Amino acid sequence: MAGSGAPIIAPVGAPHGGRIVRIALTDRGDAALTLDSFFELRLWPTLDGSREPVIVHGPRAMQLALGRDGDRLYAALLDEAGNVALLVFDPRGGLVGRGQLAAGASAGVPITQVVAVAGGVVVRCADE
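An order of β5-β6-β7-β8 is seen for the four strands of this open sheet, with the pairing classed as antiparallel. Each edge of the open sheet is held by one strand with a lone partner, namely β5 (61-69) and β8 (95-101). On average, each strand axis in the sheet is inclined to that of its neighbour by 15°, with strand direction left out of account. Pairing geometry for strand β7 (residues 84-89) and β8, over six bridges, is antiparallel. Across the sheet, Ala85 pairs through a bridge with Gln100, a residue of β8.

Another point: the side chain of Asp36. By the element assignment, Asp36 lies in strand β2 (residues 32-36). An unpaired buried charge is present at Asp36: no salt bridge exists, and Arg42, the closest side chain of opposite charge, is 5.3 Å distant. Within the structure, the side chain of Asp36 is placed 3.3 Å from the backbone nitrogen of Gly17, a separation counted as a polar contact.

Next up on the list: the nonpolar core. Ranked by internal contacts, the top residues of the largest apolar core, which has 18 residues, are Leu33, Leu43, Leu64, Leu66, Leu77 and Phe89. Listed by contribution, the elements that provide at least two residues to this core are β2, β3 (41-44), β4 (54-56), β5, β6 (72-79) and β7. When neighbours within four sequence positions are excluded, Leu77 is seen to be in contact with Leu33, Leu41, Gly58, Pro59, Ala61, Gln63, Leu64, Asn83, Val84, Ala85 and Leu87.

The phi dihedral of Phe39 is positive, around 65°, even though this residue is not glycine. Its location among the elements puts Phe39 in the loop between β2 and β3. A residue is classified by how much of its surface remains accessible, and Phe39, at 29% relative accessible area, is partly exposed.

Enumeration over the complete set of coordinates arrives at zero aromatic pairs. Over the face of the ring belonging to Phe39 we find Arg60, whose NZ or CZ atom lies 3.7 Å from the ring centre.

Before going further, it helps to spend a moment on a nonpolar patch on the surface. On the surface, a nonpolar cluster with roughly 370 Å² of combined accessible area is contributed by Ile20, Ile23, Leu25 and Leu47. Along the chain, Leu47 falls in the loop between β3 and β4. For Leu47, a relative accessible area of 41% gives the class partly exposed.

Here we take up the sheet that holds strand β1 (residues 20-25). Taking strand neighbours across the sheet as the criterion, the four strands line up as β1-β2-β3-β4 in an open arrangement whose pairing is antiparallel. Every other strand in the sheet has two partners, leaving β1 and β4 as the edge strands with one partner each. Strand-to-strand twist of the sheet, defined as the mean angle between neighbouring strand axes without regard to direction, takes the value 30°. As defined by bridge partners, β1 adjoins β2 across five bridges and the pair is classed as antiparallel. By the bridge assignment for β2, Leu25 is matched with Ala32.

What follows concerns the pattern of salt bridges. Scanning the model with the defined rule gives three salt bridges in all. We note a salt bridge from Asp30 to Arg68, for which the minimum N-O separation is 3.2 Å. Remark: Arg68 occurs in strand β5 and Asp30 occurs in the loop between β1 and β2; sequence separation between them is 38 residues. A salt bridge links Glu40 to Arg42; the shortest N-O distance between them is 3.4 Å.

About the criteria used
Residues numbered from 1 in each chain as written. Predicted model: local features only at pLDDT ≥ 70, side-chain atom pairs only at ≥ 80, totals over all residues. Heavy atoms only, no water. Pairing = 2+ DSSP bridges. Helix = DSSP H or I, 4+ residues; strand = E, 2+ residues; numbered from the N terminus. Axes fitted to C-alpha atoms, helices over the stretch in contact; angles between N-to-C directions. Buried < 20%, exposed > 50% of the residue type's maximum accessible area, 1.4 Å probe, protein only. Lys, Arg positive; Asp, Glu negative; His and termini not counted. Salt bridge = Lys/Arg side-chain N within 4 Å of Asp/Glu carboxyl O. Polar contact = N/O pair within 3.5 Å; in protein donor to acceptor, adjacent residues only side chain to side chain. Core = buried A, V, L, I, M, F, W, Y, C linked by side-chain atoms within 4.5 Å. Contact = heavy atoms within 4.5 Å. Phe/Tyr/Trp six-rings, centres within 6.5 Å; stacked < 30°, edge-to-face > 60°. Lys NZ or Arg CZ within 6 Å of the ring centre and 35° of its normal. Patch = residues over 30% accessible without salt bridge, like charges linked within 9 Å, V, L, I, M, F, W, Y side chains within 5 Å. Areas by Shrake-Rupley, 256 points an atom, 1.4 Å probe, with all protein chains shown as cover.

In structure tokens, the structure reads:
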């Protein structure tokens, strides 16, 4: 999932169109990923007002997780079907990597939870 450094998708800033209904913060509380009532996603690479939120293209997420690895941010988006989209962003919010964990990848058991941890994500399946 690692990228070459050049963004696959350059960051485009835009505010949300609806009210924010879900939020994920890094453990340091210095960046956020938000979901609005229209299921649109935004990455806030900083929370100090120096950058606009960046549009994130991803699945209709039911759960969000956001972490930091050095200067990069990574997000995990759990959808209704139990799939997890993994996204990696540069410091400006440009998408530099993408991956997927499919529902049922663990012996046919759906993924039910995703959590960001130091350097990655942990998923929990329906069978614990």
